[in-house]
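In case you want the letters, here they are:
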Amino acid sequence: MKKYECNVCGYIYDPEQGDPDNGVEPGTAFEDLPDDWVCPECFVGKDEFTPVEE
Amino acid sequence: MTRSLFPNIDWVGYVDWTVRDFHGYQTRRGSSYNSYLIRDTKNALVDTVKAPYACHLLKSVTELLPLAKLDYLVVNHAEPDHGGSVGAVVKACPQVTVVTNKKCQAILSGYHDTSNWNWQLVGTGDTLELGNRTLTFLETPMVHWPDSMMTYVSQDGLLFSMDGFGQHYASCHRFDDEEPIETVLAEAKTYYANIIMWAGKPIQRALEAASKLDIKMIAPSHGTIWRSHMDRILAAYQDWVVCKPSPKVLVVYDTMWESTAMMARAILEGASQPGITAKLLYIRAGDYTELATETLDAATIAVGSPTLNGGMMPVIGGGLTYLKGLRPICKAGFSFGSYGWSKGGAAAVQRELEETKFEILRDPLECQYRPTPEVLQECREAGKMLADKALALTCAVESKS
Ligand SMILES: Cc1cc2nc3c(=O)[nH]c(=O)nc-3n(C[C@H](O)[C@H](O)[C@H](O)COP(=O)(O)O)c2cc1C
Ligand SMILES: [Fe+2]
Ligand SMILES: [Fe+2]
């Protein structure tokens with residue numbers, strides 16, 4: 001599963017870790033995050049994220 | 001007014017003794033907008049001041065350097081308290097090159113007409129040679145906005161830390177050892193709690209990156225410059241980034257006819273145990289600044305509101321909204337309040353506490369009209385529970401570290 005980086009603040013969404021603070025289980029792919037999920041660090045929406053090139 | 005930090009590095013900012021309201025933050029001791037001038041083979045100004053004070057900045061710069069000789073304007077953050085005079089500086093110094101990161105350029109362009117500006121875009125690790133001195137840039141997003149950046153002068157071990165380590169504190173002196181240090185640290189804590197508490201993780205990353213530098217002086221963009229007590233502010237930040245709980249219980253309330261106030265005082269009484277600092281905060285004056293500051297290092301918090309038209313008091317609602325945005329972590333607590341005929345205040349408070357991700361220690365503690373002796377006894381017991389939980393949370397943190 002791909003990691004995604006927030007264009008605004010640089011936060012990296014790592015699907016292996018999820019975002020448990022906001023109810024997202026580890027193992028959740030970025031694509032499967034709810035539409036209203038926002039960056040836990042700067043609050044922008046999913047459309048502000050780009051896949052991290054490995 | 002100017003003040004030297006190192007030979008040919010001078011403070012040229014503006015001390016704002018009068019500001020008392022910074023977008024809601026009650027700045028009881030005023031503030032300062034710090035701007036710094038570095039004179040070398042090439043001359044650079046690091047950050048500006050709030051727009052109304054641009055003339056003071058330009059006057060201070062001209063005391064040291066003809067404006068036509070300013071080569072670079074480094075912008076670490078576009079927010080108008082620091083970037084507000086960039087337009088005025090560029091207008092007075094059309095030859096100047098604005099040195100900043102890509103995000104800051106975009107935000108500056110949202111606030112100013114930047115069509116004629118000369119730019120040099122930089123990112124983490126990039127350097128700017130001035131002659132004898134070298135500036136190194138470090139992007140520190142979200143300390144305070146996405147564009148935030150710090151600038152390091154390696155020859156002097158000087159870090160321009162922007163909003164990081166800042167304090168809203170007006171003073172006739174510029175350095176931490178020229179002011180009562182406990183007051184400066186208290187203002188730094190208030191600043192952290194009200195401005196950047198929510199950004200604990202990005203700040204931890206910034207601290208980590210900065211720890212690789214050899215730092216001898218930290219010059220923030222508000223308040224005094226750290227040169228003698230750097231160890232204290234750095235240690236404090238290590239605690240604040242994790243909202244480290246201290247054995248402290250906070251009881252916050254609003255009241256109409258004193259019943260919720262009676263409950264609050266009984267909770268406080270129960271919480272006032274050995275080893276515990278218990279504080280009562282009556283929120284009526286809308287002192288959200290103090291609410292955030294006291295929350296930062298409290299372990300447990302009780303929030304009370306009587307029922308008003310089926311919900312909570314708007315002053316409490318405002319305080320909880322403010323707190324939710326600041327995202328304090330690792331706190332526990334509960335809600336309480338007196339109602340008349342239909343309830344709703346304490347439950348509304350609890351929903352906010354849940355959304356703020358507080359651990360809820362018990363159901364809302366409610367009473368109808370005046371609290372009976374039994375209710376007040378229940379309040380004292382609930383207060384004792386807050387104290388016990390505060391000690392447990394504090395010990396848990398101590399044993400981890
Ligand atoms: C303390 C503070 C926090 C902010 N938080 C956010 C935020 O979370 N998201 C956002 O898009 N803008 C945020 N902003 C930026 C403001 O919304 C932005 O500067 C806006 O243009 C201000 O409008 P005004 O000129 O009417 O005050 C914040 C600004 C400040 C001062
Ligand atoms: Fe800022
Ligand atoms: Fe600022």
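The following paragraphs examine the structure supplied in this document. (Residues numbered from 1 in each chain as written. Chains lettered and ligands numbered in written order. Predicted model: local features only at pLDDT ≥ 70, side-chain atom pairs only at ≥ 80, totals over all residues. Heavy atoms only, no water.)

All names here are of chain B. At a minimum axis distance of 9 Å, the contact between helix H10 (residues 314-326) and helix H11 (residues 345-355) shows a crossing angle of 10°. Viewed along their axes, H10 and H11 adopt a mutual orientation that is roughly parallel. Every residue of H11 that contacts H10 at Ile-316, Leu-320 and Lys-324 is listed here: Val-349, Glu-352, Leu-353 and Glu-355. In terms of residue class, the contact of H10 with H11 is made up of four nonpolar, no polar and three charged. (Axes fitted to C-alpha atoms, helices over the stretch in contact; angles between N-to-C directions. Helix = DSSP H or I, 4+ residues; strand = E, 2+ residues; numbered from the N terminus. Parallel < 35°, antiparallel > 145°, perpendicular 65-115°, else oblique. Contact = heavy atoms within 4.5 Å. Nonpolar A, V, L, I, M, F, W, Y, C, P; charged D, E, K, R; others polar.)

Turning our attention to the side chain of B:Ser338. Residue and element names in this part refer to chain B. By secondary structure assignment, the location of Ser-338 is in strand S20 (residues 332-339). Separated by 2.7 Å, the side chain of Ser-338 and the backbone oxygen of Tyr-369 make a polar contact. If we ignore the near neighbours within four places in the chain, the residues touching Ser-338 are Ser-259, Thr-260, Met-263, Ser-305, Pro-306, Thr-307, Cys-367, Gln-368 and Tyr-369. (Polar contact = N/O pair within 3.5 Å; in protein donor to acceptor, adjacent residues only side chain to side chain.)

The next subject is the coordination of the iron ion (ligand 3). Residues and elements named next belong to chain B. Bound to the iron ion (ligand 3) on the protein side are Asp-81 (OD), His-82 (NE2), Asp-163 (OD) and His-222 (NE2), at distances that span 2.1 to 2.3 Å. Because the angles between the four donor atoms bound to the iron ion (ligand 3) fall within 85 to 175°, the donor set is best described as irregular. In this structure, the iron ion (ligand 3) lies 3.4 Å from the iron ion (ligand 2), and both are coordinated by Asp-163. Note that Asp-81 is positioned in helix H2 (residues 80-83) and His-222 in the loop between strand S16 (217-220) and helix H7 (230-240), a separation of 141 residues in sequence. Overall, the relative accessible area of 6% leaves Asp-81 in the buried class. (Donors = N, O, S within 2.8 Å, 3.2 Å for Na, K, Ca; no water. Tetrahedral: all angles 85-135°; square planar, octahedral: opposite > 155°, others 65-115°. Buried < 20%, exposed > 50% of the residue type's maximum accessible area, 1.4 Å probe, protein only.)

This paragraph deals with the environment of B:His173. Residues and elements named next belong to chain B. Inspection of the secondary structure assignment puts His-173 in the loop between strand S15 (158-162) and helix H5 (181-196). Once the C-alpha coordinates of His-173 and Gly-223 are considered, the two residues, 50 residues apart in sequence, prove to be 9.4 Å apart. Each residue touching His-173, except ones within four places of it in the same chain, is listed here: Glu-178, Glu-179 and Thr-224. Reaching out from His-173, the side chain makes a polar contact with the side chain of Glu-179 at a distance of 2.8 Å.

Let us look at helix H1 (residues 54-64) of chain B. All names here are of chain B. Taken together, the buried positions of H1 are Ala-54, Leu-57, Leu-58, Ser-60 and Val-61. Projected down its long axis, H1 shows its buried positions confined to an angular sector of 160°, all on one face. Facing away from the buried side of H1 by over 90 degrees, the exposed positions are Cys-55 and Lys-59. Where the residues of H1 are buried, they touch strand S7 (36-38), strand S8 (44-46) and helix H3 (86-92). (Arc of directions from axis to C-beta.)

Taken together, A:Phe43, B:His23, B:Glu79, B:Tyr111, B:His144 and B:Trp145 are the residues near ligand 1. Within the side chain of B:Tyr111, a nitrogen or oxygen atom sits 2.6 Å from an oxygen atom of ligand 1. In isolation ligand 1 exposes 640 Å². Once the protein is present, 33% of that is buried. The class makeup of the residues in the shell around ligand 1 is three nonpolar, two polar and one charged. (Near = heavy atom within 4 Å. Areas by Shrake-Rupley, 256 points an atom, 1.4 Å probe, with all protein chains shown as cover.)

Before going further, it helps to examine the sheet that holds strand S14 (residues 149-153) of chain B. Residue and element names in this part refer to chain B. Here we have five strands laid out as an open sheet, ordered S12-S13-S14-S15-S16, and mixed in their pairing. Each having just a single partner strand, strand S12 (127-129) and S16 make up the two edges of the open sheet. The average angle at which neighbouring strand axes cross in this sheet is 20°, direction not considered. Pairing between S12 and strand S13 (residues 134-139): three bridges, direction antiparallel. Across the sheet, the residue bridging to Thr-127 is Thr-136, located in S13. (Pairing = 2+ DSSP bridges.)

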